[in-house]
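Structural characterization, general
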Amino acid sequence: MLPEARVYAYSAVLMGSPILLKLFEDNQTLAAQVFRLIRQQENLFTVNRAASEVMAINHAAGQHPVVVSQPVFDLIACAHAVSLLPDSLFNLAIGPLVKCWKIGFQGHSVPSPAELQARKALIDPHEVILDADARSVMLARPGMEIDLGAIAKGYIADLVQAFLRQQQVSHALINLGGNVQTVGAPPDEQGWAIGLKKPFGAADELIGVIGVNNCSVVTSGIYERYFELNGICYHHILDPRTGYPLDNELLSVTVISDRSLDGDIYTTLLYGLGVEQGIACLADKPGIEALFVTRDRRVICSSQRHFSFQLLDDDYRLVH
Ligand code: ADP
Ligand code: MG
Ligand code: MG
């Protein structure tokens, strides 16, 4: 019998999340290169520090277009297109609302209805003006802000996967906190076992385990970042129509897909659509599969061509 492959785990805190890289060789140098790549990308996209390419656009809101690098332009163009889809919950211009709620950051509070009304006037994605030839982005009104928080991790997870493949790595996993992207499966195994966290449970409590190989698994849950006030849970996925955290039947949406960028886009879109419409929306998208967890403790899978799911928690019911 072959000796069991040994896993080497490397961790760092980047993009405000604990990051985990699993390799099957002891390779500090490679791990350092991966973390450097993530840091470089974070520096382009972050809106949580004064300077980044995205912040340069935000600072120039209502004044002038800003020329950005091709990758930043491309990701913004992608986020813009998704924001303009009919009934899209996704809105790349959500920044002013995110900044006034500050959910997951110091100083969070429930804004007044007047404040929310004022902020909502600054989040129209049609007022994000892109010029592909000039590679520039202009925000039409002062106070507008792009926020790529819902998709930057997916984009970066895909870059890490491409980098590892280019380095001839055939078994690896990167977890960016909510975004898991994989290369192959663990040596001599069918797939990776990725835990699905129990909503509002302890860090190690799982509802079940998702099995995949060579796929991305993205989970967006209302229990990831939130605060409670007077018995109400205010979480970090905002509804651009109301200005408040989205309020529907869902606790979390997990998307299984090739690209983690798609996982990020679809977790947000499906969150907005809910279970029934969400499943209908995926009917003609065989490469995108989803698993929904509802407030009434049902676990519902769209289709399961690219993943398996094992339920571990008796409090939840698996519904087909
Ligand atoms: P996480 O940061 O936990 O991975 P998600 O991938 O679920 O979170 O994305 C949530 C983040 O996306 C928020 O913190 C905010 O920056 C941004 N966001 C919130 N609501 C929306 C929305 N309706 N459209 C686009 N981005 C959003
Ligand atoms: Mg997301
Ligand atoms: Mg995310």
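Up top you'll find the structure we're talking about.
Definitions and limits used
- Residues numbered from 1 in each chain as written.
- Chains lettered and ligands numbered in written order.
- Predicted model: local features only at pLDDT ≥ 70, side-chain atom pairs only at ≥ 80, totals over all residues.
- Heavy atoms only, no water.
- Donors = N, O, S within 2.8 Å, 3.2 Å for Na, K, Ca; no water.
- Buried < 20%, exposed > 50% of the residue type's maximum accessible area, 1.4 Å probe, protein only.
- Helix = DSSP H or I, 4+ residues; strand = E, 2+ residues; numbered from the N terminus.
- Pairing = 2+ DSSP bridges.
- Polar contact = N/O pair within 3.5 Å; in protein donor to acceptor, adjacent residues only side chain to side chain.
- Contact = heavy atoms within 4.5 Å.

**Here we look at the coordination of the magnesium ion (ligand 2)**
Coordination of the magnesium ion (ligand 2) by the protein comes from A150 (O) and D264 (OD), over a distance range of 2.7 to 2.8 Å. Relative accessible area serves as the criterion here: at 34%, A150 is assigned to the partly exposed category. Overall, D264 belongs to the buried group, its relative accessible area being 5%.

**Considering the pairing of strand β5 (residues 136–139)**
Where burial is concerned, the two faces of β5 agree: the one with S136 and M138 and the one with V137 and L139 are both buried. Note that strand β3 (residues 66–67) and β5 share 2 bridges and pair antiparallel. Considered in β5, the bridge of V66 is made with V137. As paired strands, strand β4 (residues 128–131) and β5 are joined by 4 bridges and run antiparallel to one another. Opposite V128, over in β5, you have L139 as the bridge partner. Two successive antiparallel strands, β4 and β5, enclose a turn made up of 4 residues, where R135 displays a positive phi of approximately 55°.

**Quick look at the side chain of Q181**
Within the secondary structure, Q181 sits in strand β7 (residues 179–183). Side-chain polar atoms of Q181 contact the side chain of D158, separated by 2.9 Å. Ignoring anything within four residues of it in the chain, the contact list for Q181 reads A157, D158, Q161, A172, L173, I174, C215, S216, D258, R259 and S260.

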